[in-house]
Every structure is written in structure tokens, then in C-alpha cells.
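Working through the structure, step by step
Here's the letter readout for the chains.
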Amino acid sequence: MIVSSMRCSRIHGQHSSFVTNLLRRGCVRRRLARQVKVRTCDTLVYSSACKPSTLGSVPKGDGLRQIVKAAFSEAVTAVLSKGTLVDVNISECSGNVIGDYQCNSAMQIFAEMKQSGETPYSSPRSLAEAIVEAIPDRDNLFAQTSVAGPGFVNVTFSADFLAAQVLETVVNSADDGKVSIQPQRNMSLPKLAVVDYSSPNIAKEMHVGHLRSTIIGETLCRALESFGVEIVRLNHVGDWGTQFGMLLTHLQDMQMGSNFAITDLQEFYKESKLRFDKDDDFKARAQSAVVLLQAGDGQMRKLWEEICEISRQDFEEIYSILDMSLIERGESFYNDLIPCVLDDLVKKGIAVENQGALCIFENEESTPLICRKSDGGFNYASTDLAALWQRATQLKADQIIYVTDVGQGKHFNAVFDAANRAGWLDTNRNTKIKLDHVGFGLVMGEDGKRFRTRSGGTVPLRSLLREAQSRCFESLRARNSALDNKELMEASHIMAIAAVKYADLHNNRLTNYVFSYDRMLDMKGNTAVYLLYTHARISTLLSRVEDQVSIYMKSMRLDRTYPHRFRHPSGSDVA
């Protein structure tokens, strides 16, 4: 019934864009799959335009962008001389009114042809028009093609093609409630991938700065799992270093037990930092406490473990709200590995001493990666090198992904370069372990500055999620919903978490984005709330159609002249 619903006249407007976005993001849900599968035993669900024989030239397993690229590549090859290979550029259109995708390669191709003196075309636009005419199976694939400006080609997918794609996706979905996404052709997938994301600090609340890493990292995990990749979700928490010497010493001075909350720890940390900066005696004792902790002192270790457990419980509550589970593997886990890892780098001539510190240089002019300080202490680079070595050699990952802000890109490039030169990425499978840094921009407030509280502090992630749910609850209650308070709370929780995640993911990953509750919860915008509302409407329609199917199957009042429609005895279309 999805097919017949999509064939309505409005498909070429807003609904066509909605379906295209669904396919881009793989957001088709299992409920729709169940509804469609009920009907695949007969011919009623299929539109004649969606039969495999009509759209058989479309390569299976490709995303929409790849399908467009394949079509344009074939068209360009047909227009130019045989044997000419051109890597056409395909991008999403900036607005749905223009189309779904755009190809702007005509200008570059024309310029190269003109320079060589071999072009029968008078302008880039005339070349673009020729390319459009040469697109294979154009009428079945696209509802509209147009040439804009000097040679921009915009295309809008046809309703029948999108319907066929949706139908194939949901019918082939797995029985575990998830729709599987077929990998693109020639895509090389790892067997085991380690994803390092979220990474809050012990003794501090998770705040809005952890939002993007947590959401993007979990999304990557789920996407890779949909392809059958085994995932190890690692939470590289900050649980080691000088700051714990300060905090432990401060708590001992206050004779504090372990009866405190994460918010108390955050205040204690601020107090200890002030003392560390102003009191030389306290600073010396804090540094000694770090040495004792790293040496395994029983008292220090016990208090440190209590602090970690308090923080861990707070983190787990947040992860439970967001429906995710990570393996905690903090900086302390890798501490014992650091000396041998650095020794390996020294033996291979990759790490060298420079002004008392141990440094790694990519080249003579590059800024060094300091992996051991001049006082002999370890730092972030020390831990990151040890962590990468452990994941490559002990976990035997095929791919390791780090999800942090874009500002850390240079740091990770240096770490990756050192690992590659050290041979840690070589495997006995004649392949190299793939390393990726997935960077992202900052979350900004509507004032254009970092998203903060009115007092200028960081926004706790728990507070952000609570505020989103509160607004959803009030919105639902204002509609005079028949749900009771418990059901309203459950529905508002689902809406809020979906809204927060979608608001993050639909923005450009690499740039900063403005966080706005109003835009995030807009019923009419590009939001999760709109998608949920649309899904609810479609589910209601499908339920009604299912009832009608049952009634008409029993009465044998089916109109088989239109195999993709059910008809009422009065002659009007039911669906």
C-alpha cells in the first residue's frame, strides 16, 4: 500500500522530498515493513511502473547519490567520445523546489574540451542539455530534469522509482525489527571496528559539549552494524592525571567520605584547582598524591575508585536515556602500556628526545607530537598512542574511528602517522588497519556563542534532555490528548530524544550549528517531531487499509482492473 499511497498527485511536492530524505537517511521503520509484507503475497501492492523489468537497470545496493552518479556517468560517456572517463560531481540540491540532486560537471568538461579545441557544443549549457538527453532510462528514474544557469543539471526522482526503492528496502528488512541497508558496490567493510566516542571526564557532569560525539558516534556504530560489522563501543573517559591528585588531596583535607553526588565532585574539583594555583604546599602534596595513585597506594586507589563509580553511575543514567551502552575504557586502562609503547617508538627511531621531552616529528618543519614531558610525565598523546597500539595489536580491529571535535584533527593525524610508521597498522591479511578521525563542529547558542547557561556555565546534558522532554510534554498536553500522564511522559520522552538526535544529525557535521528548542521541536520543519507525526499518520492509514482489505476480501468486492488500488462499491478509491 505504500506504493499506491505514493502515487497520489502530491508526491511530486512535499511528500516526494520526504521520501527522498527517508531513503537518504535509511529511516524506514519496521512497522511499515510488516504492513507491506502482509500484502506481498498478491499483486495488489505493486504498481506496474515498479516492476523489476522496468527499473532493472538500477544497480542494487547503491545509495541515491550513487544511482544519480551512475546515470550521469553513463550519459557523459555517451555524449563524449568512447573511452572517455569523467568523475562527475553529484551533490544534494540546496532546496527541494530545485530538485533532489544536482550535477555541475558540464562547465568543467566544456572548459577542458574547449581548451583542447575539440567541442561541438557552443556553451556549457548546450553540453548539459545533451547530457540530460543521454541519461539512460530517464523517464522512469526521474520525474523532472532541468538545466539551470550556465549548466547546472537538477534532477527530481520519480514517485514510482522511490516507491520501488522503499518497497525493496522494507520487504528485505530483517526480522529483528531493523531495516537493513545494503552496502554500495565495491564497498570494503571491516569485520571488526572500534569506535571511540563520548569520552566524558570523571568527577565532572556530562555537558552539551559531549552531545555531538555521543550522538554521532552511536549513529556510526548502528550504521556499521546494519552492514554486519562487529562493533566495539569504547568510552575513553578522562580518569587519570594531575587533576586527580588535586581532587584526592582536597577531599582528604576536607575529611570527606564517598557520600556525595556528581555535582558535589564538580564543585570540589573547582575548589581544588583554585588551591592548586595559589597554594604551593597544596600543589606539592597534590603532585605527590598523583605519584602515590599511579604507584597503587591502597588509600588513594580506594578513594579514586569511589569517585569513578559515582561518575560512572551518572554517565550510565544519561546513556540509558539516550538508549546506548558503551564499554568504559579510560586513560587509566592504558597507563601500564605506555612505557613499552614509547620504547617501541624509540627503538624504531620514530620518537626522539628534544630538549628533555620525547617527541615525534612528521618532518623537519612540523610541530612535534610530545609523547613524554620533560619531567618524565605522560600526557594525552602518550595515552592515545598506547590506546591505538592496544586496539590494533590486541583487539585486532580492522578499523578504528575516533569521534571528537574538529579541533583535535591535527593531533590525531600525528598519532595516526606515528602508528603507521611504527608498523602497528600492518596485518597478516595483507591489509592495513584503517584509521579515521570523525570531526564535528561546536554546538552554539542562538546568540552565536557557545551554548551556555545564563550564568555563562556549560549546559549539563541531563538538563538539556530534561528541558526537551518538558517542552514535548507540554506540547502534547496542549493538544487535549487522550493519553494519561504516564503515557504522555513516555511519548514526550520518545519525542524529545528523537528530536535532540535528529537536530544534531541533520546539520552539517563539520560546521558549528545553533541549538534551538523551538526549531528542534517544530511540527512543520525538518525535524524528528515531523517525521514521527508523519509516521503516525502513515501507520493509521495502513491500519485502516488493512481493515478494508479484510472486509473486501471477504465480500470479494475487489476491483482487479487497478491492481495497486482498492475500490469502494461506490466506485471511489479507498487507497
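So, here is what we can say about the structure in this document. All figures in this text were calculated on a predicted structure; none of them were measured in a lab.

1. Describing the side chain of Asp398
Note that Asp398 resides in the loop between helix 15 (380-393) and strand 11 (399-405). We classify Asp398 as buried; its relative accessible area is 17%. Within the local environment of Asp398, its side chain forms a polar contact with the backbone nitrogen of Lys191, the two atoms lying 3.2 Å apart. Those residues in contact with Asp398 that sit more than four places away from it in its chain are Pro190, Lys191, Leu192, Arg429, Lys432, Ile433 and Lys434.

2. Some words on the nonpolar core
Leu265, Ile307, Leu464, Phe515 and Met520 are the most contacted members of the largest nonpolar core, which totals 65 residues. With 9 residues, the single largest contributor to this core is helix 13 (residues 298-321). In this structure Met520 touches Ala468, Ala499, Val500, Ala503, Phe515, Thr527 and Val529, once residues within four positions along its chain are discounted.

3. Considering the sheet that holds strand 4 (residues 152-157)
By definition, the strands of a sheet pair up through backbone hydrogen bonds, in either a parallel or an antiparallel sense. Ordered by their spatial adjacency, 4 strands build an open sheet running 1-2-4-3, and the pairing between neighbours is antiparallel. Among the strands making up the open sheet, the edge pair consists of strand 1 (90-92) and strand 3 (142-148). The average angle at which neighbouring strand axes cross in this sheet is 25°, direction not considered. When strand 2 (residues 101-103) meets strand 4, the two strands line up antiparallel, connected through 3 bridges. Bridged to Gln102 within strand 4 is Asn154. The strands that helix 4 (residues 64-79) touches are strand 1, strand 2, strand 3 and strand 4; relative to strand 1, the one it contacts most, it runs at about 140°.

4. Points about the pairing of strand 3
Bridge analysis of strand 3 against strand 4 gives 6 bridges, and the strand direction is antiparallel. Bridge pairing links Ser146 to Asn154 in strand 4. Between the antiparallel neighbours strand 3 and strand 4 lie 3 residues, among them Gly149 with a positive phi of about 55°.

5. Here we look at the packing of helix 9 (residues 211-226) against helix 18 (residues 485-505)
In the contact formed by helix 9 and helix 18, the axes pass within 10 Å of each other and the chain directions differ by 90°. Here helix 9 is positioned roughly perpendicular relative to helix 18, judged by the angle of their axes. Seen from helix 9, the contacting residues are Leu211, Arg212, Ile215, Ile216, Thr219 and Arg222; seen from helix 18, they are Val500, Lys501, Asp504 and Leu505. Residues that form the contact of helix 9 with helix 18 fall into these classes: 5 nonpolar, 1 polar and 4 charged.

6. Observations regarding the pairing of strand 11
Taken across its 7 residues, strand 11 has 6 buried, putting it largely inside the fold. Of the pairings in the sheet, the one linking strand 5 (residues 192-196) to strand 11 comprises 4 bridges and is parallel in character. Bridging across to strand 11, Ala193 finds its partner in Gln399. Pairing of strand 11 with strand 12 (residues 434-440), which is carried by 7 bridges, proceeds in the parallel orientation. Along strand 12, the bridge assignment pairs Val403 with Val438. Once the chain exits strand 11 it traverses helix 16 (residues 409-422) before rejoining the sheet at strand 12, and the crossover so formed is right-handed.

Rules behind the numbers
Residues numbered from 1 in each chain as written. Predicted model: local features only at pLDDT ≥ 70, side-chain atom pairs only at ≥ 80, totals over all residues. Heavy atoms only, no water. Helix = DSSP H or I, 4+ residues; strand = E, 2+ residues; numbered from the N terminus. Buried < 20%, exposed > 50% of the residue type's maximum accessible area, 1.4 Å probe, protein only. Polar contact = N/O pair within 3.5 Å; in protein donor to acceptor, adjacent residues only side chain to side chain. Contact = heavy atoms within 4.5 Å. Core = buried A, V, L, I, M, F, W, Y, C linked by side-chain atoms within 4.5 Å. Pairing = 2+ DSSP bridges. Axes fitted to C-alpha atoms, helices over the stretch in contact; angles between N-to-C directions. Parallel < 35°, antiparallel > 145°, perpendicular 65-115°, else oblique. Nonpolar A, V, L, I, M, F, W, Y, C, P; charged D, E, K, R; others polar. Right-handed = clockwise from strand over helix to strand, strands pointing away.

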